[in-house]
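Residue-level listing of the chains:
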Amino acid sequence: MEISWLQAAILGLFACLSSMPGLGGTSFGNYTLGRPLIGGLVCGVVLGDIQSGILVGIAMQLVYIALVTPGGTVSADVRAVSYIGIPLAMIALKSYGLDAASLDGQSLAASFGTMVGTLGTVLFYGTATINLVWQHIGWKSVEDGDLSKLNIVNYVLPWISHIICSFIPVLIMCKMGAPMVDLIKEYLPMDGLAMKTLFTVGSLLPCVGIAILLKQIVVKASDFVMFFLGFTLAASLGINLVSATVIAGTFAIINYRIKMVMITKKASGSIDVDDEEDI
Amino acid sequence: MNKKISKKTLTKSFHKWYYGNLTCFSQEHMQTFGYLCAMLPIVEELYDTKEEQLKAIHTYTAFFNTEPQLGAVIVGITAGLEEARAAGTEDVDDEAINGLRAGLMGPIAGIGDSLVVGTVIPILLGIAMGMSTGGSPLGAIFYIIVWNLFAYFGMRFIFNKGYDLGGKAVEFLVGEKGEAIRESITMLGAIVIGAVAASWVSVKTAFTMTAAGAEEPFLVLQDTFDSVYPGFLSAGVIVFCWYLLAKKKISPLKVMLLLVVIAFIGVLIGFFDPNLQY
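Residues numbered from 1 in each chain as written. Chains lettered and ligands numbered in written order. Predicted model: local features only at pLDDT ≥ 70, side-chain atom pairs only at ≥ 80, totals over all residues.

## Regarding the overall build of chain A
Scanning chain A for helices and strands turns up 13 helices and 0 strands. Reading chain A from its N end, one meets helices and strands in the order α-α-α-α-α-α-α-α-α-α-α-α-α. The C-alpha atoms of chain A give 24 Å as radius of gyration, which overshoots the globular expectation for 279 residues (19 Å, by more than 25%). Each principal axis of the C-alpha atoms in chain A carries an extent, and together these give about 75 × 65 × 30 Å. For chain A, with 279 residues in total, the buried portion stands at 53%. Look at the contacts in chain A between residues 6 or more apart in sequence, and 70% of them connect residues 24 or more apart. (Helix = DSSP H or I, 4+ residues; strand = E, 2+ residues; numbered from the N terminus. Rg over C-alpha atoms; globule rule 2.2 N^0.38 Å. Buried ≥ 20, exposed ≤ 12 C-beta atoms within 10 Å, placed from the backbone. Contact = placed C-beta atoms within 7 Å.)

## A few points about the overall build of chain B
Across its full length, chain B holds 11 helices and 2 strands. Secondary structure elements in chain B, listed N-terminal to C-terminal, are α-α-α-α-α-α-α-α-β-β-α-α-α. Relative to the globule expectation of 19 Å for 278 residues, the C-alpha radius of gyration of chain B, 26 Å, shows a markedly less compact shape. Each of the 278 residues in chain B was classed as buried or not, and the buried ones make up 48%. Once local pairs closer than 6 in sequence are excluded, the contacts in chain B between residues at least 24 apart make up 67%.

## A closer look at the environment of K140 of chain A
If you trace the backbone, K140 of chain A turns up in helix α7 (residues 121-143). Taking C-alpha positions, K140 of chain A is 42 Å from M60 of chain A, a pair spaced 80 residues apart along the chain.

## Focus: the interface of chain B and chain A
Accessible area lost upon the coming together of the parts is a frequently used measure of interface size. Listed by partner, the interface residues are 102 residues for chain B and 100 residues for chain A. Breaking the side of chain B that touches chain A down by element, the ones donating at least two residues are α1 (7-20), α2 (32-46), α3 (50-58), α5 (94-131), α6 (138-165), α8 (176-200), α10 (232-247) and α11 (252-269) of chain B. In terms of residue count, the dominant contributor to the side of chain B that touches chain A is α8 of chain B (22 residues). The class makeup of the residues in the side of chain B that touches chain A is 65 nonpolar, 30 polar and 7 charged. (Nonpolar A, V, L, I, M, F, W, Y, C, P; charged D, E, K, R; others polar.)

## A few points about the domain arrangement of chain A
Partitioning chain A into structural domains gives domain 1 (5-217) and domain 2 (219-279). Its C-alpha centre places domain 1 of chain A at a distance of 37 Å from the equivalent point of domain 2 of chain A. (Domains from an automatic or database assignment.)

## Comments concerning α7 of chain A
Residues lying three or four places apart along an α-helix face the same way, a consequence of the helix completing one turn every 3.6 residues. The terminal C-alpha atoms of α7 of chain A lie 33 Å apart, and with 23 residues this matches the ideal 33 Å at 1.5 Å per residue to within 8%. The sharpest bend along α7 of chain A comes to roughly 25 degrees, located at V133 of chain A. Three or more residues of α7 of chain A are buried, namely L123, F124, T127, A128, N131, W134, Q135 and G138 of chain A. Looking at the packing, one finds that the buried side of α7 of chain A touches α5 (78-96), α8 (149-156) and α9 (158-187) of chain A together with α2 of chain B. Looking one or two places after α7 of chain A, you find G145 of chain A, whose phi comes out positive at around 85 degrees. (Expected span 1.5 Å × (residues − 1). Bend = angle between axes of the 7 residues up to and from the residue.)

## Some points on the environment of M115 of chain A
Checked against the element boundaries, M115 of chain A lands in helix α6 (residues 103-119). Placed 35 residues apart in sequence, M115 of chain A and A80 of chain A show a C-alpha to C-alpha distance of 9.7 Å.

## Things to note about the confidence of the model for chain B
Per-residue confidence for chain B gives a mean pLDDT of 88; residues scoring 70 or more make up 98%. In the predicted assembly, ipTM is 0.84 and pTM is 0.84. (pLDDT = per-residue confidence, 0-100.)

## Examining the UniProt feature "transmembrane region" (unreviewed entry) in chain B
UniProt's feature table lists "transmembrane region" (unreviewed entry) at residues 108-128, 140-159, 185-207, 227-246 and 253-272 of chain B, given in the numbering used throughout. Here residues 253-272 of chain B is 85% helix and 0% strand, with 22 Å between the C-alpha atoms at its ends. (UniProt positions renumbered as here; feature names shortened; annotations may be inferred.)

## A word on the UniProt feature "transmembrane region" (unreviewed entry) in chain A
Residues and elements named next belong to chain A. Summarizing the sequence annotation, UniProt attributes the feature "transmembrane region" (unreviewed entry) to residues 108-132, 152-172, 193-214 and 226-256 in the numbering used throughout. Secondary structure content for residues 108-132 is 96% helix and 0% strand, and the end C-alpha separation is 37 Å. End C-alpha to end C-alpha, residues 193-214 measures 32 Å, and it is 100% helix and 0% strand.

## Digging into α1 of chain B
Look at α1 of chain B: 20 Å from first C-alpha to last across 14 residues, which is about the 20 Å you get at 1.5 Å a residue. Every buried residue belonging to α1 of chain B is among L10, S13, F14, K16, W17, Y18, Y19 and G20 of chain B, and all of these are buried. At its buried positions, α1 of chain B is contacted by α8 of chain A together with α2, α4 (72-86) and α6 of chain B.

In structure tokens form, the structure reads like this:
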């Protein structure tokens, strides 16, 4: 599968929009276009295979389901995951003749995307560093008493950072992808140890994504019970995600009502405090 | 001089924040420039002379960084404060505004990261992935529409609430009632994440034991696990990763590298075997 210059350029443009700090804005850029599931749709449309795009996107989305960037530190770069990782994974799947829906295909995609995403943090720090130059211009103009330049600094000049750190890297990686995958294929046979490890890693990686989320959610041991309730609903009872959300919503509402009763009780006087002392 | 900020200017300020909070991000100043640009239309409307405008905008050159979506409430609050300052209200000065900004950006970042980015987005993505099973674009489209409507109108709502209520707007978020809501949403998140994990994570072992001379293995470990608790191995690895991340404070990248080592050893001893063929 070859990616044309035009296709690579379109993906490069999406990379500019979707990164964190991206030019599509936080909500629509980073948190929409940057999510691998949406990146999968975009790559699928651009490369003419929506189904594979979405499936590869899902595989990578799992690894990065909890991509929170506290205080602006990133462990992976969404533009690299979504607009370099997904196209390359799609090429690799085609080249190896794997079905994107199969477990093997998903594992390969996850390994691939994670590798690219981790390397992609370089792009994040590159963009942020070049932005310093524009901010310097901004500071100077504020000090000189000229406020008109602020908008140009914040909305226009960062495009230059992104042409250097998003557009060009995506363009090059997408064009070089096919020969690179062929090279890997030649040196690493599918039944070899390296490939087996790569696929196994791919199936283990989503665990890290889920675990990062759990780290935020689980404060006390009982929070784990809720996680396993959801796990059991899907794994043992075979309930799908939308239905599981409805059940989860029910529990959430019950919990909210109980909490509110507790708050109003606490506010309504000292009688309840006495009750607690009796116990 | 007792000016009020017009509706139009408020909306313009909000849009500038909504789009531009992170466009010119750097490790040094983070969201400071986004904030300056969002305050610019407000300052320009409230003050007539260039000197006053400059003096006012200077307040916002102080460092700012928070979760930008929930952080819209802070921008709204400062819009209200700036209006008060322009009207000559006592006690509203540089120090008061920046004290409030600095005091709020920490808690708002904490709530925003865990609630919006750590819970709402993963829930929506979880549902979307469920709808996209098999490669249908439906889930992705669902996410694009639902998330963006939620983000835009949600941010707009809290921005305006911040302007109307000032500091009281935050009480709603950090107060007892807010905590009850947050705890319930987190609960919802935990259940959905559990379902996401069970639906999409698939760690399987190829380990079998066959008695000498027998054709069928007497122990297929995967089947044994499944009969104890379906998805046992997947859940086990997730809890293991959680333990390393949360209890041992190991960085995600190192955990991933450790998994590579585990995978390698597992493949060597035959515990893992993806059964690959061309």
